[in-house]
Amino acid sequence: MQDIAVIEDPAAAEVSLDPIRARLLAELSEEPGSATMLAAKVGLPRQKVNYHLKTLEAHGLVEMIEERRKGNVNERIMRATAASYVISPTALASVEPDPARSPDQLSASWLLAVAARLVRDVGALITGAAKARKRVATFAIDGEVRFASAADRAAFAEELAGAVTGLVSKYHDESAERGRDHRIVVALHPSMKESR
């Protein structure tokens, strides 16, 4: 089972967003089960659960890990193919956000478009690396800072931009024939309280 799977196929995204199927994915990401076992947990007839499981399986979101003989029936034990899923903007390619459309670094829309590109790109890297059975070399920093004023926030953003620009200038080597380009994303936005 993968830690995170990225859904790029529009049909798979649609299938995963169905409330019943999303619940089944959640159950199967925690513990493998059969249609009968899941039916008892989610309060639906086994046949209906089985129908949804076959749909999820057809889109690669669940997989059979074992088949058990139970009386006259073969019971299929299923599990989610990942512990969690992210839908890539690629699934909605015709309306996918594009940072080039409104390159205003102070715009929340631009930040969201950059984040969507990040999900798309890293998702594709994860998918490719999983197929090649390799790891992707990435790095991220996540933290919080409390500003006393809007002026402090603006000064911080300006200083951060200068520091990143300095680092890029120091390490970027356009002439490195065997070099590999990397994308840098630095974002600053108000923190949201997590609701659980």
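Up top you'll find the structure we're talking about.
What counts, and at which threshold
- Residues numbered from 1 in each chain as written.
- Predicted model: local features only at pLDDT ≥ 70, side-chain atom pairs only at ≥ 80, totals over all residues.
- Heavy atoms only, no water.
- Helix = DSSP H or I, 4+ residues; strand = E, 2+ residues; numbered from the N terminus.
- Expected span 1.5 Å × (residues − 1).
- Buried < 20%, exposed > 50% of the residue type's maximum accessible area, 1.4 Å probe, protein only.
- Arc of directions from axis to C-beta.
- Contact = heavy atoms within 4.5 Å.
- Patch = residues over 30% accessible without salt bridge, like charges linked within 9 Å, V, L, I, M, F, W, Y side chains within 5 Å.
- Areas by Shrake-Rupley, 256 points an atom, 1.4 Å probe, with all protein chains shown as cover.
- Salt bridge = Lys/Arg side-chain N within 4 Å of Asp/Glu carboxyl O.
- Core = buried A, V, L, I, M, F, W, Y, C linked by side-chain atoms within 4.5 Å.

A. Focus on helix α4 (residues 46-58). An ideal rise of 1.5 Å per residue puts 18 Å on 13 residues; α4 measures up with 18 Å between its terminal C-alpha atoms. Inspection of α4 places V49, H52, L53, T55 and L56 among the buried residues, and these make up the whole buried set. The arc enclosing the buried residues of α4, seen along the axis, measures out at 160 degrees, which places them on a common side. In this structure, α4 carries Q47, Y51 and A58 as exposed residues pointing more than 90 degrees from its buried face. In this fold, the buried residues of α4 make contact with α1 (10-17), α2 (19-30), α3 (35-42), β2 (62-70) and β3 (73-80). Looking at the residues trailing α4, positive phi occurs at G60, about 75 degrees.

B. How the structure looks around a nonpolar patch on the surface. On the surface, a nonpolar cluster with roughly 180 Å² of combined accessible area is contributed by I4, V86 and V119. Take V119: it is sitting in helix α5 (residues 108-132). Assessed through its relative accessible area of 32%, V119 is described here as partly exposed.

C. Layout of the nonpolar core. Counting residues in each nonpolar core, the largest one holds 19 residues, and the members touching the most others are L24, L28, V49, L53 and L56. Of all the secondary structure elements, the ones that give two or more residues to this core are α1, α2, α3, α4 and β3. In contact with L24, not counting residues within four places along its chain, are L38, V42, V49, H52, L53 and L56.

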